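Structural features, examined
These are the residues of each chain, in order.
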Amino acid sequence: MDNTEAAKQINLHGNLITASNDENLTNIFHQIRTSKSPAVINFGASWCRVCAEILPSFNQLSNKFPKLSFVYADIDECPETTQHIRYTPTFHFYRDGERVDAMFGAGQERMNWSENEEENLARAWVAALEDPITPPNFWVKVGNVFHDLMGYQSRSFDEICAKFRDMRVKCLEFNGIYNFVINNAHEGDMVAVAMHQYEDTKHTV
């Protein structure tokens, strides 16, 4: 018995359902949508260390909140219905039959941003600044562009705003280089040129 399976056994009386296969998970989705009862789905994997570490807490919450449906789905046991899952663990929150929020990863793995994410956040910020149509919410625009660049919704808007606060000085420095590149009429992908020059300045410091 692996750590994840052992952790699932802790739940004795809580409102926790474990999806055993794709058909089972499809039925659970249908039940959540038709019953309109609040629910949270934890997408994990037996090989995921973080999943095993947080599953006991997930079980405890299911004991504490019996009116909320808790579902655990192993992405390897439900491969067809979990093709959209990019991180483990991933949590989906449902209310009135509709998904209202999502959380990706946990702990240090959730906090760390890849270089690709940071670069795409900088690109999204520049794109939002240059948008001639002022959006009703600047950060919604940044988030939408960021997710388009990533190809999937890898971060919540709260995470994007928090990350930008950490990156603010870097982004302002990058924006200065980017404006210099534009004013000097460089050809090609101006953001890529500016990013390259920005990386050069970091290496020379």
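Residues numbered from 1 in each chain as written. Predicted model: local features only at pLDDT ≥ 70, side-chain atom pairs only at ≥ 80, totals over all residues. Heavy atoms only, no water.

Turning next to the side chain of threonine 81. Residue position: threonine 81 is located in the loop between β3 (69-74) and β4 (90-95). Residue class for threonine 81 comes out buried when judged on its relative accessible area of 18%. A polar atom in the side chain of threonine 81 sits 2.7 Å from the side chain of aspartate 22. Within the local environment of threonine 81, its side chain forms a polar contact with the backbone oxygen of cysteine 78, the two atoms lying 3.5 Å apart. (Helix = DSSP H or I, 4+ residues; strand = E, 2+ residues; numbered from the N terminus. Buried < 20%, exposed > 50% of the residue type's maximum accessible area, 1.4 Å probe, protein only. Polar contact = N/O pair within 3.5 Å; in protein donor to acceptor, adjacent residues only side chain to side chain.)

Quick look at the pairing of β3 now. In terms of burial, β3 is largely enclosed, as six of its six residues are buried. Side chains of β3 alternate between two faces, with Ser69, Val71 and Ala73 and Phe70, Tyr72 and Asp74 buried alike. Relative to β3, strand β1 (residues 16-19) is paired through four bridges, and the arrangement is parallel. Its bridge partner being in β3, threonine 18 is matched across the sheet by tyrosine 72. Of the strand pairs in this sheet, strand β2 (residues 39-44) and β3 are connected by six bridges, and their pairing is parallel. For alanine 39, the partnering residue across the bridge sits in β3 and is serine 69. For the crossover from β2 across helix α3 (residues 49-64) to β3, the handedness is right-handed. (Pairing = 2+ DSSP bridges. Right-handed = clockwise from strand over helix to strand, strands pointing away.)

Here we have five strands laid out as an open sheet, ordered β1-β3-β2-β4-β5, and mixed in their pairing. Single-partner strands in this sheet number two, and they are β1 and β5 (98-104). Direction aside, neighbouring strands of the sheet carry axes that sit 20° apart on average. Here β2 pairs with β4 via five bridges, running antiparallel. (Axes fitted to C-alpha atoms, helices over the stretch in contact; angles between N-to-C directions.)

Turning our attention to helix α6 (residues 138-150). For α6, built from 13 residues, the straight-helix expectation of 18 Å at 1.5 Å per residue is met to within 8% by its first-to-last C-alpha distance of 18 Å. Of the positions making up α6, those classed as buried are Val142, Gly143, Val145, Phe146, His147 and Met150. Following α6 by one or two positions, glycine 151 has its phi on the positive side, about 90°. (Expected span 1.5 Å × (residues − 1).)

Here we take up the pattern of salt bridges. Under the definition given, this model contains one salt bridge. The closest approach of N and O atoms between arginine 123 and glutamate 119, which form a salt bridge, is 3.4 Å. Remark: glutamate 119 and arginine 123 occur in helix α5 (residues 115-130); sequence separation between them is four residues, near one turn of the helix. Taking relative accessible area as the criterion, glutamate 119 reaches 28% and is therefore assigned partly exposed. (Salt bridge = Lys/Arg side-chain N within 4 Å of Asp/Glu carboxyl O.)

A few words on the packing of aromatic side chains. Taken as a whole, this structure holds two aromatic pairs when the rule is applied. Ring centres 5.2 Å apart and planes at 75° place the aromatic pair phenylalanine 58 and phenylalanine 70 in the edge-to-face group. Taken together, the residues phenylalanine 58 in helix α3 and phenylalanine 70 in strand β3 connect sequence positions twelve residues apart. Taking the relative accessible area as the measure of exposure, phenylalanine 58 reaches 5% and is therefore buried. A residue is classified by how much of its surface remains accessible, and phenylalanine 70, at 3% relative accessible area, is buried. Between phenylalanine 58 and phenylalanine 91, the aromatic rings sit 6.1 Å apart at their centres with planes inclined by 45°, giving tilted as the arrangement. Of this pair, phenylalanine 58 sits in helix α3 while phenylalanine 91 sits in strand β4, and the two are 33 residues apart along the sequence. Take phenylalanine 58 and phenylalanine 91: they sit in the same class, and that class is buried. Taken together through their ring pairs, the aromatic side chains of Phe58, Phe70 and Phe91 make up a single cluster. (Phe/Tyr/Trp six-rings, centres within 6.5 Å; stacked < 30°, edge-to-face > 60°.)

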